Structure formats: C-alpha cells, structure tokens
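Chain by chain, the residues:
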Amino acid sequence: MKIVVVGGGYVGLVSGICFSELGHDVTLVEIDPAKVRAIREGKPPIYEAGLAELLQKHANKNLHVSQGYESVSSSEIVFIAVGTPSQPDGSANLSYIEAASISVGKSLKNNPSYCVVVVKSTVPPGTTDKIVKPAVIIASGKTEKEIGFAMNPEFLREGRAVEDFLHPDRIVIGSSDSRSGNRIGQVYQGLTAPIIRTGITSAEMIKYASNAFLATKISFSNEIGNICKNLGIDVYEVMKGVGLDTRIGPLFLNAGAGFGGSCFPKDVSALISLAKENGENPILLRSVLEVNDQQPCRMIRILERKIGTVKGKRIAVLGLAFKDNTDDIRDSRAILVIRELLQKGARVVAYDPLAIPHMREIFPDIEYFGSVAGALRGANGCLVMTEWPEFSKIDKEFDLMAEEVIVEGRRVLSRKGVEGICW
Ligand code: UGA
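Rules used in this analysis
- Residues numbered from 1 in each chain as written.
- Predicted model: local features only at pLDDT ≥ 70, side-chain atom pairs only at ≥ 80, totals over all residues.
- Heavy atoms only, no water.
- Helix = DSSP H or I, 4+ residues; strand = E, 2+ residues; numbered from the N terminus.
- Rg over C-alpha atoms; globule rule 2.2 N^0.38 Å.
- Buried < 20%, exposed > 50% of the residue type's maximum accessible area, 1.4 Å probe, protein only.
- Contact = heavy atoms within 4.5 Å.
- Areas by Shrake-Rupley, 256 points an atom, 1.4 Å probe, with all protein chains shown as cover.
- Lys, Arg positive; Asp, Glu negative; His and termini not counted.
- Charge placed at Lys NZ, Arg CZ, Asp CG, Glu CD.
- Axes fitted to C-alpha atoms, helices over the stretch in contact; angles between N-to-C directions.
- Parallel < 35°, antiparallel > 145°, perpendicular 65-115°, else oblique.
- Nonpolar A, V, L, I, M, F, W, Y, C, P; charged D, E, K, R; others polar.
- Near = heavy atom within 4 Å.
- Polar contact = N/O pair within 3.5 Å; in protein donor to acceptor, adjacent residues only side chain to side chain.
- 1 Å grid on protein atoms, 1.4 Å probe; cavity = no way out; pocket = protein on both sides within 12 Å on 5 of 7 lines; lining within 4 Å.
- Sits in = over half its atoms within 2 Å of the grid points.
- Salt bridge = Lys/Arg side-chain N within 4 Å of Asp/Glu carboxyl O.
- Left-handed = near helix turned anticlockwise from the far one by under 90°.
- Expected span 1.5 Å × (residues − 1).

Overview of the overall build of the protein chain
What the protein chain contains, in helices and strands, is 15 helices and 14 strands. Here the C-alpha atoms of the protein chain give a radius of gyration of 23 Å, agreeing with the 22 Å that 2.2 N^0.38 yields for 423 residues. Taken over 423 residues, the protein chain has a buried fraction of 57%. Counting contacts in the protein chain only where the partners sit at least 6 residues apart, residues at least 24 apart contribute 71% of the total. Entry remark: accessible area of the protein chain is about 18,300 Å², with carbon and sulfur atoms responsible for 53%. Computed over 49 positive and 49 negative side-chain charges, the separation of the two mean positions in the protein chain equals 0 Å.

Here's the deal with the packing of helix α5 (residues 127-140) against helix α8 (residues 200-231)
The interhelical angle for the contact between α5 and α8, taken along N-to-C directions, is 115°, at an axis separation of 9 Å. With respect to α8, the element α5 is oriented roughly perpendicular. Residues T127, T128 and D129 of α5 form the contact with α8, whose participating residues are I200, T201 and E204. Grouping the constituent residues of the contact of α5 with α8 by class yields one nonpolar, three polar and two charged.

Details of the site of the ligand
The environment of the ligand is formed by 21 residues, the closest being E158, K207, N211, F322 and E387. Backbone polar atom of G260 to an oxygen atom of the ligand: 3.0 Å apart, as the coordinates give it. A distance of 2.7 Å separates an oxygen atom of the ligand from a polar side-chain atom of E387. Contact with the protein chains covers 93% of the free accessible surface of the ligand, which is 720 Å². Of all the cavities here, the one that holds the ligand is the largest pocket. Where the shell around the ligand is concerned, the elements lending two or more residues are α8 and α10 (264-277). Class assignment for the residues of the shell around the ligand results in nine nonpolar, four polar and eight charged.

Focus: the pattern of salt bridges
What the rule picks out here adds up to 23 salt bridges. Between E367 and R314 there is a salt bridge, and its shortest N-O distance comes to 3.9 Å. One end of the pair, E367, is in strand β11 (residues 367-368); the other, R314, is in strand β9 (residues 314-318), with 53 residues separating them in the sequence. Residue classification places R314 among the buried residues on the basis of a relative accessible area of 12%. Here R330 makes a salt bridge to D328, at a shortest N to O gap of 2.8 Å. Its relative accessible area of 44% is what places R330 among the partly exposed residues. Taking relative accessible area as the criterion, D328 reaches 9% and is therefore assigned buried.

What to know about the packing of helix α4 (residues 95-108) against α5
Relative to each other, α4 and α5 sit at 35°, their axes nearing to 7 Å. As α4 packs across α5, the resulting crossing turns out to be right-handed. Across the interface between the two elements, I97, E98, S101, I102, G105, K106 and L108 of α4 pack against T127, I131, V132, A135, V136, A139 and S140 of α5. Counted by class, the contact of α4 with α5 contains eight nonpolar, four polar and two charged residues.

Considerations on the side chain of S107
Following the sequence through the fold, S107 ends up in helix α4. For S107, the side chain forms a polar contact with the main-chain oxygen of Y69, separated by 3.3 Å.

Concerning helix α1 (residues 10-21)
Counted at 1.5 Å a residue, the expected span for α1 with its 12 residues is 16 Å, and the 17 Å between its end C-alpha atoms agrees. Most of α1 is tucked away: 11 of the 12 residues are buried. Residues of α1 that are buried: Y10, V11, G12, L13, V14, S15, G16, I17, C18, F19 and S20. G23 lies just past α1 and shows a positive phi near 105°.

This is how it looks when you write it as structure tokens:
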C-alpha cells in the first residue's frame, strides 16, 4: 500500500519505518533538513532499539523521505503524526495538527483516488472531526465520499517502540465508516494483535484513558509505597501480591520516583484540561499528578535525615533520562531533584549512560562524569533516578564515596544497605 506519514518525530519515524518493514511503500514528510539527511543516510535521528537496522534495510528502497507533501497526491493512506505539545494551561497545542491537515488537503486536490487521512498523534477527543476533517475538506475542495477519516492511536513505549509496534497488545482503529476503517486494517495485515474498531472520538479517548490509567497505577503504587515505608513494609512484595490478581495485572506497579517522559505528564494534564472545559472536576487525575510531583523530592528529605543539610555537600545523581534505554530527559524526575538540590546549595555531580548532553542544556553548570566511579568519588550522598539495568552492577564504586549514603528512586541496585524512596 502507498502510505505517507507526516512528521518524522518519534512516533512518525518509528511508525513509518515499521510500515516499510510490513512491506508497504512509505514516504515520510519531515520539514527539518538535518533529519531528512540523516534518514536518507539510514541513520535514525533518535535512539531506539532496533530502529537503525530497519532503517538501513528500507531507506531509499520502500522508505523515502521528503520535505514536501507531493507524495500525498499518489497515496492511499496519509498518517498525521505531528506533535501535540502542552500549552501553559495544560491543554494540547493543536496548531501543528491543523497546519499538517491543511497541507495534506492541498496535496489531496491532485490525488485522483480515494484516500484515508488518519490521525496518529495523541489528540483530545473531537480533534479529528472538528479540526482535521474540515481543514482537509476545505483545502482539498473534495467531499467525504472521496476522502476517508480515521484515528489510529499509538501505544509505543520509548526505548521499546519497534517491539511494541511489531508486537502490539491491540490495534485500535476509529473510523466514521467501514471503508476507511477496513483500509487501515489492511495496513496492519501480518500482525497478530486483536483489532478493535470504534468511532473516531472513542479511539481518541482510548489513548488518553490508557495513558491516564497507567499513570494512575504508578501514582497509586507510590502512595501505597509511601505508607508502606512508614510501616516498615516492602512495597515491592506488596505489589507482587497485588498484581497477581488478573483483574489488576503486575505491570506498572513499580513504586519509585514517579513517571516522567513526553507522554504521561502531558496527556494527564490535557485530560484534566478537557474535563474542566466540560464542567467536570477530575479529582482523581489531579491527585495522580500531585503524587507524582511530590514524589521525587522525598528522596532529598531522606538524604537530609541521614546527612543533615546538603548545603556545600557533593551529591551524586545517577540517571538523568526519564527512564532506561533512552537519552530523553523530558519531564525526567532527575530535573526536579537537581533543581531542588541546587536551590539548597548542594554541589551536584551527575552520570547517565546517554542523557548527559541533553541535561547539560538545562543545567550547564553542574559537573558531569563519563563513568559511575567519577560521579561517586568523594560524594557525600547519592540519588539513583533512572532504572538503567547497568546500575544493578554498581558495587565497589560506592566505596569511593566520602560517606556511603545512597537513596534509590528506582528499585535497581543490588548493593546491600541501600535505602529506597518508598521501601
Ligand atoms: C508511555 C506508554 O507506556 C506508551 O504505551 C505510550 O504509547 C506512550 O507513553 C505515548 O503516549 O506515546 P513512555 O512514556 O515511553 O510510554 O514510557 P513508559 O515506559 O510508559 O514509562 C513512563 C514513566 O513511568 C517512566 O518515567 C518510568 O520510569 C515510569 N514508570 C513506569 C514507573 O515509575 N513505574 C512503573 O511501574 C512503570
């Protein structure tokens, strides 16, 4: 099938490359010339396990990249996968979605065949019908008989996105008619996951509800963990016992420093904003964010209980990425912790296997090390912020600390005598 994916960001790039792996003829539309160059050379502009191999396999064969929208005029499906960043009030900024829809519509004028425009970006319910559809119809001068509309959310985890794409739990296709929905179904032929067919606004809501529920599981585990810690109970033992109930499930119950990243904080905020616009008071969702915002700095309080004031002391922060397997620091819990440590006058030193260049842009003046040992040498305290598997091997490096006071924000270390944030 001839597919265009608009947006060569994280979702668009992974989806486009994986569609080419499924055998389709794909064109990525991306405005950034540096990204276009990198993709043409077979080098993904982001780090994602397995992506480089697939890109090298398909680049310039059945995967092309362009700065313009010309390929829309000969395509059978156009996926819109541009960003929907948070605005200051928490709502989603839909200006990129609208601009992409207008550009797609203009190029569809010259497409002689039936084409389906599919929203893959995470958008508030109603966006496809109220913004995308009219923008495409007006710009193309065509009718809804000639263009189909649909919404097909992504459920890709950063760091594991290729695996999630090729082995999904489910594929959600929201469409207003069966013709457009059937065509999207064909794109995923070859994958074994169940396909859920819904209306367009339900598909949009499934994405928000899924992320909000996962975020809720994490904040719930953290709150239980905070209570457990006071009672001397190991929350990981508790959640193991809780998660084996098939109605609950064992995943996303890992208590710790809370959730970061480009999705959970942004999507829960957008859902809160949507609820308020519609006269609802989303008490539970607000609490999910409140628990999450307070969680990381509890680690500093534990540290202060052990070493007194952090002023003038050397504090090592291990892990800067919002989770393992990525260099992404968006909404990383480490940012909140470093900010508070600096406010309190601590000397912060940091290590991360991938994320140092990004963190340097936010905190240019703290000291960064290329090794765990470098960061720990002479430190008066250590905070572990990311669940990097390599941290489980840290052992003798802790002997380099001036005072061995370690507080873990993720349950990853194997060293004995380490205090956890909520265990
Ligand atoms: C999340 C969802 O998991 C994907 O399904 C979704 O497609 C994606 O958002 C999106 O909307 O695009 P992602 O943000 O990449 O994926 O990362 P997760 O693996 O979900 O982790 C998010 C945060 O939660 C991380 O900071 C992680 O450390 C934290 N977390 C995760 C916990 O604190 N405890 C857990 O048990 C699990």
